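Chains, contacts and geometry: an overview
Each chain, written out:
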Amino acid sequence: MGDPLILKENQQCDFSQRRNQADGFDDEAIAQLLCIPGQDFTRTTAGRWVQIMRTNMSTLTQIWMTLLLNNVLPSDLNSDLPLPKCQLVYAILTRMSVYVA
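Here the structure is a predicted model, which means the values were calculated and not measured.

As for the sheet that holds strand β1 (residues 42–43)
Judged by pairing direction, the sheet is antiparallel, and its 3 strands sit side by side in the order β1-β2-β3 without closing on themselves. Each edge of the sheet is formed by a strand with only one pairing partner; in this case those strands are β1 and β3 (80–82). Of the pairings in the sheet, the one linking β1 to strand β2 (residues 49–53) comprises 2 bridges and is antiparallel in character. Paired with Thr42 across the two strands is Gln51, which belongs to β2. Strands in contact with helix α4 (residues 83–93) are β2 and β3; relative to β3, the strand with the most contacts, it is inclined by about 95°.

What about the packing of helix α2 (residues 27–34) against α4?
Interaxial distance between α2 and α4 falls to 10 Å at its minimum, and their mutual angle equals 70°. In terms of orientation, α2 lies roughly perpendicular with respect to α4. Crossing of α2 against α4: the hand is left-handed. From α2, Asp27, Ala29, Ile30, Leu33 and Leu34 reach across to α4, where they touch Leu83, Cys86, Gln87, Val89, Tyr90 and Leu93. Here the residues of the contact of α2 with α4 are counted per class, giving 9 nonpolar, 1 polar and 1 charged.

Digging into α2
Two residues of an α-helix separated by three or four positions point the same way, owing to the 3.6 residues in each turn. For α2, the set of buried residues is Ala29, Ile30, Ala31 and Leu34. Those residues of α2 hidden inside the fold are in contact with β2, α3 (59–72) and α4. The opening residue of α2 is Asp26, an N-cap whose side-chain oxygen sits 3.1 Å from the backbone nitrogen of Glu28.

Focus on the packing of aromatic side chains
Applying the stated criterion across every chain, the model contains 3 aromatic pairs. On the numbers, 5.9 Å between centres and 50° between planes, the contact of Phe15 with Phe25 is tilted. Here the residue Phe15 occupies a position in helix α1 (residues 14–20), and Phe25 occupies one in the loop between α1 and α2, the gap between them amounting to 10 residues. Exposure class is identical for Phe15 and Phe25. Each is buried. Centre to centre, the rings of Phe25 and Tyr90 are 6.1 Å apart; their planes meet at 85°, and the pair counts as edge-to-face. On the criterion of sequence distance, the pair formed by Phe25 in the loop between α1 and α2 and Tyr90 in helix α4 is long-range, its members being 65 residues apart.

Scoring rules and cut-offs
Residues numbered from 1 in each chain as written. Predicted model: local features only at pLDDT ≥ 70, side-chain atom pairs only at ≥ 80, totals over all residues. Heavy atoms only, no water. Pairing = 2+ DSSP bridges. Helix = DSSP H or I, 4+ residues; strand = E, 2+ residues; numbered from the N terminus. Contact = heavy atoms within 4.5 Å. Axes fitted to C-alpha atoms, helices over the stretch in contact; angles between N-to-C directions. Parallel < 35°, antiparallel > 145°, perpendicular 65-115°, else oblique. Left-handed = near helix turned anticlockwise from the far one by under 90°. Nonpolar A, V, L, I, M, F, W, Y, C, P; charged D, E, K, R; others polar. Buried < 20%, exposed > 50% of the residue type's maximum accessible area, 1.4 Å probe, protein only. Polar contact = N/O pair within 3.5 Å; in protein donor to acceptor, adjacent residues only side chain to side chain. Phe/Tyr/Trp six-rings, centres within 6.5 Å; stacked < 30°, edge-to-face > 60°.

The structure is reproduced here in structure tokens:
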């Protein structure tokens, strides 16, 4: 811990590798880790997972969301976490390597 991630040419961090895979992230596992018990993603009318509302997030997820949306991936909308950013928080919480530079 505390060591910067150094990637070789054409090497990807764990997070990028997972996002580029066809089966990618397990949305159920993301919801289970990031949401308070009994809560889930907001879905489209077609049932597609869209975002997690702040009121449905665990405290730890809210802390990471605030850090990311205010410092790493600035956003004017801080009341919810869209699916791609949920994947990033999930990667951080499950200790995947993430190259932020």
